[in-house]
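Fold and geometry: a report
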Amino acid sequence: IALIAVAVTQNKPLPKNVKYGIVLDAGSSHTNLYVYEWPAEKENNTGVVQQVEVCKVEGPGISGYSHATEKAGPSLAQCLRQAEEVIPSKQHQETPIYLGATAGMRLLSLENKSAADKVMSSVEKTLCSAPFSFQGARIISGQEEGAYGWITINYLLGNFKQSGWTKLLHSLKSISETSGALDLGGASTQITFVPNEVYSESPENLLYFRLYGKDYIVYTHSFLCYGKDQALQQKLARDLQTMENSSLLDPCFHQGYQRTINISELFKNPCTSAKKKQFPFSQLYIQGEGDYQKCRRSIQKLFNKTNCPYSSCSFNGIYLPPLQGDFGAFSAFYFVMNFLNLSSEQSPVPLDKVASTIESFCARPWHEVKTAYHQIKEKYLSEYCFSGAYILSLLENGYEFTEKNWHRIHFLGKIGSSDAGWTLGYMLNLTNMISAEDPAMPPLSHGSYVGLMVLCSLVLVSVLLFAWLLFHKPKCLQKGIV
Ligand SMILES: Nc1ccn([C@@H]2O[C@H](COP(=O)(O)OP(=O)(O)OP(=O)(O)O)[C@@H](O)[C@H]2O)c(=O)n1
Ligand SMILES: [Ca+2]
């Protein structure tokens, strides 16, 4: 009775002391606001922060406001109000809020620095006037984007968690247990992983971390202009070079699909400006052809594999060490593969099947695709054929994944309740929630310790009882008495 009474009072849930944090991911195609929460007492443990809300900002990404910079900030207002509703009002003031802008703003800074500065001031003004604790709005580098994406997925997958017995096991095996990260955005793409050996050929691609008592040497590279929207722009700019009239038969769009593009707009962008020249027409008329093989050949030209100043390269003379371990592939890698039903973890699809699925999707006429998926936005739907082909080109030709290691890529949208992306890693770092050292923890959890003690006590009592029975047989049990 005493034990039960103690157990009940001991395990009565304590009042939840929760902290919140907000990060805005200002991407090239759109902005997302994430609200995270974690138990205040455990904030330095790994795997305790989780996403409780995501809000998609209406309209384009903030870099899309270069012609009306003062509207960039107000576009975030609706999502900020949503965050105010999720977080209890008495905690608003202590809740940190961060904004990180990625490749869209990197490109705008290159194209028009003053417009980029005005956009950033506009968002800063709006965030400062929100009731939260504003911690900064900045354009993050491609390296940071890669690194924080890697931290996020490994934190969520529990790969940094090393307590008690697992730690001993890991130190015996001394293997790299982290997962690589592949991020495909609209304007840039990142690859980040722990290579097998330390290759110091290209120090600018290496990052050094000490997380929870372990050192990591991480390779990362961000390819600006190789996000899926910019890759399409690059392809169109190339196609234009050899055109005699203004209409283009494009194998990467479905048969029957048509799109018109303004040529001067296309070449304004730093990803295509090198290919700018005079054309006798101002509009480009695209007609879909739906030919996957031809599309792959045309995309392949975006990856320059001819010169490599290192022992091995991905493309465009960029160093890439041999691929190592598993990879989590998220954002557009996931959106596209999930749409094509190629992201299943239960029944992973081999590379040849992936290619044949995309090939037959591309071959479907546009009117049929549109009717079959009428609920999906036309902008997304019309580009899944191109995107599927581009993803395979990037992974196969760019990074040289093969049939053999294809199964090591896991397409993931969420891990638990949190989206895979750079934002969580960014917040963990800026709020100092990742400690460099392993928190001193006893090898057993409290529950296991109590369980073990109870078991030991029972064994001890049984042994004593047994011994007592053996050596002090009560008279009634002794032979002959009965
Ligand atoms: N269900 C969805 C959602 C998005 N997209 C597309 O996926 C691309 C990348 O989206 P995202 O990862 O959100 O890119 P951004 O973060 O906006 O871009 P970046 O990281 O390069 O700044 C965009 O072209 C978008 O149109 C898609 O095809 N299907
Ligand atoms: Ca992104």
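Residue indices follow the written sequence of each chain, beginning from 1 at its first position. By the order in which they are written, chains take letters starting at A while ligands take numbers starting at 1. Per-residue local features are limited, in this predicted model, to residues with pLDDT of at least 70; the limit for side-chain atom pairs, both in listing and counting, is 80 or more; totals at the level of whole chains, interfaces and linings are taken over all residues. The basis for every side-chain value is the complete set of heavy atoms in the structure, and neither hydrogens nor water enter the calculation.

Concerning the site of ligand 1
Our working definition: When at least one non-hydrogen atom of a residue lies within 4 Å of a molecule or strand, that residue is treated as near it. Under the DSSP-based scheme used, a helix requires at least four consecutive residues in state H or I and a strand at least two consecutive residues in state E, with every element numbered from the N terminus. Where a domain begins and ends is set by an automatic assignment or by a domain database.
Close to ligand 1 lie 20 residues, the nearest being Ser 28, Ser 29, Thr 102, Ala 187 and Asp 229. Elements represented by at least two residues in the shell around ligand 1 include exactly helix 7 (228–241), helix 10 (332–339) and helix 13 (378–398). Per element, the largest residue contribution to the shell around ligand 1 is three residues, and it comes from helix 13. Each of domain 1 (15–139) and domain 2 (165–418) gives at least three residues to the shell around ligand 1.

Quick notes on the sheet that holds strand 3 (residues 50–56)
As a reminder, the rule being used: A pair of strands counts as paired when DSSP detects no fewer than two bridges linking them. Each axis is a line fitted through C-alpha atoms, taken for helices only over the stretch in contact, and angles between the N-to-C directions span 0 to 180 degrees. The criterion used for residue contact is that any of the two residues' heavy atoms lie within 4.5 Å.
Read from one edge to the other, the open sheet built from five strands follows the order 3-2-1-4-5, with strand pairing classed as mixed. Strands with a single pairing partner mark the edges of an open sheet, and in this sheet they are strand 3 and strand 5 (133–139). The sheet shows a mean angle of 15 degrees between the axes of neighbouring strands, taken without regard to direction. Examined bridge by bridge, strand 2 (residues 31–39) and strand 3 share six bridges and lie antiparallel to one another. Residue pairing for strand 3: Tyr 34 is matched across the bridge by Val 54. Each of strand 1 (18–26), strand 2, strand 3 and strand 4 (96–101) touches helix 2 (residues 77–86); the most contacted strand, strand 3, lies at about 150 degrees to it. The strands touched by helix 14 (residues 423–430) are strand 1, strand 2, strand 4 and strand 5; relative to strand 1, the strand with the most contacts, the crossing angle is about 125 degrees.

A short note on the packing of aromatic side chains
How we decide: Paired rings are identified among Phe, Tyr and Trp, the last through its six-membered ring, by centres lying within 6.5 Å, and are further divided according to the angle between planes into stacked (under 30 degrees), edge-to-face (over 60) and tilted (the rest). Exposure categories follow from relative accessible area, calculated using a 1.4 Å probe and restricted to protein chains: below 20% of the type maximum is buried, above 50% is exposed, and the middle band is partly exposed.
All chains considered together, the criterion is met by 31 aromatic pairs. Here Phe 267 and Phe 279 contribute two aromatic rings whose centre-to-centre distance is 5.8 Å and whose plane-to-plane angle is 20 degrees, an arrangement assigned as stacked. One end of the pair, Phe 267, is in helix 8 (residues 263–268); the other, Phe 279, is in the loop between helix 8 and strand 12 (283–288), and 12 residues separate them in sequence. Assessed through its relative accessible area of 14%, Phe 279 is described here as buried. Among the aromatic residues, those joined into a ring-pair cluster are Phe 223, Tyr 226, Phe 303, Phe 315, Phe 386, Tyr 390 and Tyr 399.

A word on helix 11 (residues 351–363)
Basically, it comes down to this: Given a helix with a known number of residues, its expected span is that number minus one, times 1.5 Å. This arc describes the spread of directions from the helix axis toward the C-beta atoms.
With 13 residues, helix 11 ought to run about 18 Å at 1.5 Å a step, and its terminal C-alpha atoms sit 19 Å apart, in line with that. All of the buried residues in helix 11 are Leu 351, Val 354, Ile 358, Phe 361 and Cys 362. Looking straight down helix 11, one finds that the buried residues subtend no more than 100 degrees of arc, so they occupy a single side. Considering only its buried residues, helix 11 is in contact with helix 9 (292–300), helix 10, helix 12 (366–372) and helix 13.

Looking at the UniProt feature "transmembrane region" (unreviewed entry) in the chain
We count it as follows: UniProt positions are given in the numbering used here, feature names are shortened, and annotations may be inferred rather than shown by experiment.
UniProt marks residues 449–471 with the feature "transmembrane region" (unreviewed entry), using the numbering shown here. Annotated as residues 449–471, this span is 100% helix and 0% strand, and its ends, taken at the C-alpha atoms, are 33 Å apart.

Some remarks on the confidence of the model for the chain
When pLDDT is low, close inspection of the predicted coordinates is not appropriate. Here is the rule: Per-residue confidence from the predictor is given as pLDDT, running between 0 and 100.
Overall, the prediction assigns the chain a mean pLDDT of 93, with 93% of residues at 70 or greater. Interface confidence for the predicted complex, given as ipTM, is 0.99, next to a pTM of 0.90.

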